[in-house]
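# Observations on the model geometry
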Amino acid sequence: MTPGPDKAGFPRRLYDVAVIGSDPGGAATAAILSRRGLRVLLAADGPLSPKESDGWVLPGAVPAVPSLRHLTGAGPVLDDLGLGQELSRQSAGPPGGLQILGESLRLSLPADAARRREELKRELPDEWSTVESALDSLETLAKTWDAFLQEPPPLPARGFFERRKLRKILPYPPPDLPEGFVGQALQALAPFCAFLVDDTAPEAAARQAATLLRAPLRLWGGAGQVWDLLRAKAEAGGTHVLAGRCARLRVERRGASFELEGAEVRANVIALATSPSRIAELCEGGGRVERNLTEESNLPVARKVGLAHFVVRPEAIPQGLEEAALLYSGDGPSLLACHPARRARGEARSEKLLTFCRLLDAGDNDGAALIVAARKALDPVLPFFDKHIVHETADLDPLQGQRLLRPHEGMHSEPIGIRPVSDAHERVVFASREVYPGFGLEGSLLAARACAGHALESIGRKQVAAPCLWAEGGYFPPSRRGWRVDGVQV
């Protein structure tokens with residue numbers, strides 16, 4: 001039996017857990033829960049595919065992320081879902097390191113120690129030994145937070161006992177970053193791989209940026225490609241995946257509901273994997289709980305990463321250009337990625353796609369200015385590349401775009417972030433990058449672990465072995481009691 005329409009004439013869809021948003025943490029939450037037999041909806045709250053421009057497919061995020069296999073917090077999720085080898089396979093190109101470019105600098109940092117030393121001696125003959133020692137120290141620096149990530153407590157801490165527990169786990173004082181060349185590179189990279197940086201989140205540079213500098217995972221779509229892999233795992237496990245725009249989130253005593261594609265969706269637990277601004281839109285017009293959700297998630301965004309894409313002919317790319325590079329210019333550091341260009345129809349082409357990533361103010365909507373700035377920054381390191389441009393466009397709001405939270409003003413002892421379980425209602429969890437924001441993509445996977453564990457506890461099932469049945473309009477459990485919909489036993 002299928003559920004009948006509600007009072008507004010909409011069909012109903014019933015789930016154990018509904019995930020709203022396209023942050024990778026939400027897809028990971030869905031994948032974990034569907035593997036344990038729960039009825040899960042993943043509502044992307046937008047398009048599922050990357051953006052296109054003039055027939056060219058564009059990445060939906062910064063096309064380089066820290067290697068997740070080097071990050072302890074991401075390991076359990078990758079192992080649980082069997083994604084470790086898949087990520088390694090999809091990482092573009094042969095194993096290699098990040099490249100650092102400037103007007104008079106062309107430094108590649110390969111993983112092989114002997115080759116890296118040769119590069120350092122060639123580009124930095126007066127300080128190569130100091131730089132090599134600083135690079136070697138990064139592995140130890142990144143592991144400083146491993147104990148915290150084994151079983152991360154809720155952040156920010158609440159109450160005396162949580163604060164005391166936090167002080168015992170978090171490294172204090174945080175370790176000093178290397179100075180000089182490597183220290184500057186870490187500070188420049190941190191905004192491209194974490195969502196909270198500077199002194200408020202020392203782990204962003206010491207862990208995320210250090211891992212990106214040592215072993216970048218050079219994915220064509222960056223975090224967007226990670227989202228696609230997790231979404232595929234969720235779908236394979238039975239998750240129902242939908243695009244479309246969600247609206248009218250309403251939280252009740254034992255669950256929640258929202259509207260999606262003309263249907264009312266009801267779920268025991270709602271996982272929000274989207275930005276604070278979207279949460280505010282979803283909760284608009286609601287009651288006290290919805291207002292509290294909006295206020296709880298309202299962490300101000302200070303800056304964002306904008307992307308300028310250039311499709312160029314192959315002769316525009318120097319032979320020595322790596323697929324991921326940190327670019328220094330007079331207007332500040334940027335991240336550059338170079339991959340084969342892709343056509344929406346899938347036809348083979350020889351063009352290359354240069355993606356230029358730069359920090360912008362949160363309210364900046366001037367795409368033309370970003371393209372001009374990108375051309376200016378690229379000119380010293382890629383001379384005459386503008387003569388080979390086939391297509392150019394700017395993306396100031398990528399599908400899985402990078403946003404940076406505004407740090408606390410003054411001296412604060414508590415970290416910034418949203419607790420994975422909402423203070424407004426226990427049936428709402430957060431799986432977005434605002435949970436553990438200093439840990440970047442690793443933090444999103446940490447949030448997924450916390451959200452999945454709480455959802456299983458709330459629903460009262462640690463493992464469900466029996467399969468779920470699909471009927472038009474909703475999932476139905478093959479349980480003895482069944483569900484009651486509008487007073488009817490199903």
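Refer to the structure presented above.
Residues numbered from 1 in each chain as written. Predicted model: local features only at pLDDT ≥ 70, side-chain atom pairs only at ≥ 80, totals over all residues. Heavy atoms only, no water.

It is worth spelling out the pattern of salt bridges at this point. For the structure shown, the criterion picks out 30 salt bridges. Across the pair Arg36 and Asp80 runs a salt bridge, and its minimum N-O distance is 3.2 Å. Of this pair, Arg36 sits in the loop between α1 (24-35) and β2 (40-43) while Asp80 is found in helix α2 (residues 75-81), placing the two residues 44 residues apart along the sequence. With a closest N to O distance of 2.8 Å, Glu434 and Arg403 form a salt bridge. Of this pair, Glu434 sits in the loop between β20 (428-430) and α15 (440-459) while Arg403 sits in strand β19 (residues 403-405), and the two are 31 residues apart along the sequence. Per residue, the accessibility class of Glu434 equals that of Arg403, and both read buried. Several salt bridges converge on common partners, so that one network encompasses Asp23, Arg403, Arg433 and Glu434. (Salt bridge = Lys/Arg side-chain N within 4 Å of Asp/Glu carboxyl O. Helix = DSSP H or I, 4+ residues; strand = E, 2+ residues; numbered from the N terminus. Buried < 20%, exposed > 50% of the residue type's maximum accessible area, 1.4 Å probe, protein only.)

For the rest of this paragraph, the subject is α1. Taking 1.5 Å as the rise per residue, α1 with 12 residues should run 16 Å; its terminal C-alpha atoms sit 17 Å apart, in good agreement. Across the 12 residues of α1, 11 count as buried, placing the element largely inside the fold. Every buried residue belonging to α1 is among Pro24, Gly25, Gly26, Ala27, Ala28, Thr29, Ala30, Ala31, Ile32, Leu33 and Ser34, and all of these are buried. Phi turns positive one or two residues past the end of α1, at Gly37, with a value near 90 degrees. (Expected span 1.5 Å × (residues − 1).)

It is worth spelling out the packing of helix α4 (residues 113-123) against helix α5 (residues 128-136) at this point. Two elements in contact, α4 and α5, have axes whose closest approach is 9 Å; the angle formed by their N-to-C orientations is 140 degrees. In terms of orientation, α4 and α5 fall into the oblique class. The two elements α4 and α5 cross, and the hand of that crossing is right-handed. The segment α4 lies against α5, with Arg116, Arg117, Leu120 and Lys121 engaging Trp128, Val131, Glu132, Leu135 and Asp136. (Axes fitted to C-alpha atoms, helices over the stretch in contact; angles between N-to-C directions. Parallel < 35°, antiparallel > 145°, perpendicular 65-115°, else oblique. Left-handed = near helix turned anticlockwise from the far one by under 90°. Contact = heavy atoms within 4.5 Å.)

The next point concerns the packing of aromatic side chains. Applying the stated criterion across every chain, the model contains 4 aromatic pairs. Measuring from ring centre to ring centre gives 6.5 Å for Phe148 and Tyr436, while their planes differ by 80 degrees; the resulting arrangement is edge-to-face. Residue Phe148 is located in helix α7 (residues 146-150), and its partner Tyr436 is located in the loop between β20 and α15; the two are separated by 288 residues in the primary sequence. With a relative accessible area of 1%, Phe148 lands in the buried category. Tyr436 sits in the buried class, given a relative accessible area of 4%. Measuring from ring centre to ring centre gives 5.5 Å for Phe310 and Phe385, while their planes differ by 85 degrees; the resulting arrangement is edge-to-face. Taken together, the positions of Phe310 in strand β13 (residues 301-312) and Phe385 in the loop between α14 (367-378) and β18 (389-395) put the pair 75 residues apart, joining distant regions of the chain. An aromatic cluster is built from Phe148, Tyr436 and Phe439, whose rings are joined through pairwise contacts. Here the guanidinium or amino end of Arg342 rests over the ring plane of Trp220, the centre of that ring lying 4.1 Å away. (Phe/Tyr/Trp six-rings, centres within 6.5 Å; stacked < 30°, edge-to-face > 60°. Lys NZ or Arg CZ within 6 Å of the ring centre and 35° of its normal.)

In short, the description is geometric, and any link to function would need to be established separately.
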